[in-house]
Amino acid sequence: MACQSSSRAAQSNIKLQSQLEKTWKKLHDAGTGFRYSLHIERERLIKGQFDFLLQLNRQRLTKRRQPQNFQLEAQFDSTKFNFNQVDSSEILFELAFPTSTSILINNSPVTLYHSLVVPEREDQRPQLLTPSGIRVAFELLLRIPDRRYRVGYNSPGALASVNHLHLHLLPIHRDLYVQHTELLPVAGVPLLYRLPDEVPAQGYCLTMHDPTRDLEPVCDGLYTLLKTLLKYRMAHNIFFTWTHIDKSVNRGAIRVIVYPRVSQCTNKTACSFNVAFLELSGFISVGTTYDFDYLTQDTIIQALREAQGDVYSALQNDFPNNSHS
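Residues numbered from 1 in each chain as written. Predicted model: local features only at pLDDT ≥ 70, side-chain atom pairs only at ≥ 80, totals over all residues. Heavy atoms only, no water.

S.K.: So what exactly am I meant to see when it comes to the side chain of His236 here?
M.R.: Along the chain, His236 falls in strand 12 (residues 236–242). Among the polar contacts made by the side chain of His236, one reaches the main-chain carbonyl oxygen of Met234 at a distance of 3.0 Å. Beyond its immediate stretch of four places on either side in the chain, His236 contacts Tyr153, Asn154, Ser155, Ala158, Leu226, Leu229, Leu230, Val258, Tyr259 and Pro260. (Helix = DSSP H or I, 4+ residues; strand = E, 2+ residues; numbered from the N terminus. Polar contact = N/O pair within 3.5 Å; in protein donor to acceptor, adjacent residues only side chain to side chain. Contact = heavy atoms within 4.5 Å.)

Laid out in structure tokens, this is it:
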């Protein structure tokens, strides 16, 4: 299905979400392309002020494809697995806005309807987010009526598993701490804010309140931020989310949070608890009952901070007033 940009936005949105969920469920229930049938065995909120959402998904640990090992400088390598090699049955549909984009199943899903977003798939781009990829992420959240859908991205050196440009689209049924936490302005950088020191992760945030007014400057601001991180060879994770998932509560806005890392990490083998865009945002999917039973808010925060390092100090010259608030 090709979905064109349309002035009848509400109608297009309903069709887009319906097509995604109907096709995803049909393939999942038939076992077509998936490495396992999604089964969340247990779920709990971790005690503490940040309400980390913890889920047990043992099959993702044991049955997912082993991640590729690559860093920020890696070029696209057609001899390694990439999304041009997937079977046509794994393609949910193709979008035409704002650029050609393939929506694929994630064959090792974290949640129901977990899909991959692959902008300009045939162009064989490495896993570095482009302006068109940024625009696609915002467009999807604006066009899908259900605000529980989020978009995430892991760069090379920040637990990206395939070196072919892609993002993740998935619904999360609970609020996460990054949706509502206070934001502090970054002096001298229009539109850019940061997370306060007392929250689990360090990150920079741009917010789109009014798509007509804010979409272009926020997309440009995000790409400028990413270019700064690449200048310093800083890997990063990104999370796009509505501030309010219940439309009746508030009109809401879309936040995009960028979590830089002082040092790139190395993908080795899949493990129970990885630190990527979901974990930094407050959603923890683990693959062992031990982690599910014994992870605490303190141990999670320690893992997040060890994965990132002191980002604010590292970027002090570019983003001033990032010292402890």
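Having seen it, we continue.
S.K.: Honestly, the pattern of salt bridges in this entry has me stumped. Any pointers?
M.R.: This structure, assessed with the given rule, holds 15 salt bridges. Glu43 is the partner of Arg174 in a salt bridge, and the nearest nitrogen-oxygen pair spans 3.7 Å. Pair noted here: Arg174 is in the loop between strand 8 (167–171) and strand 9 (184–185) and Glu43 is in strand 2 (residues 42–45), with a separation of 131 residues, a long-range link. Here Arg148 and Asp146 are joined by a salt bridge, their closest N and O atoms 2.7 Å apart. The exposure class assigned to Asp146 is buried, which follows from its relative accessible area of 17%. (Salt bridge = Lys/Arg side-chain N within 4 Å of Asp/Glu carboxyl O. Buried < 20%, exposed > 50% of the residue type's maximum accessible area, 1.4 Å probe, protein only.)

S.K.: Please explain the pairing of strand 5 (residues 101–105) as it appears in this structure.
M.R.: On any regular strand, side chains alternate: one points to one face of the sheet, the next to the other face. In terms of burial, strand 5 is largely enclosed, as five of its five residues are buried. Here four bridges tie strand 4 (residues 91–95) to strand 5, and the two strands are oriented antiparallel to one another. Residue pairing for strand 5: Phe93 is matched across the bridge by Ile103. Note: strand 5 against strand 6 (residues 115–119), five bridges, orientation antiparallel. Across the sheet, residue Leu104 finds its bridge partner in strand 6, namely Leu116. (Pairing = 2+ DSSP bridges.)

Keep in mind that these numbers describe shape and distance, not what the molecule does.
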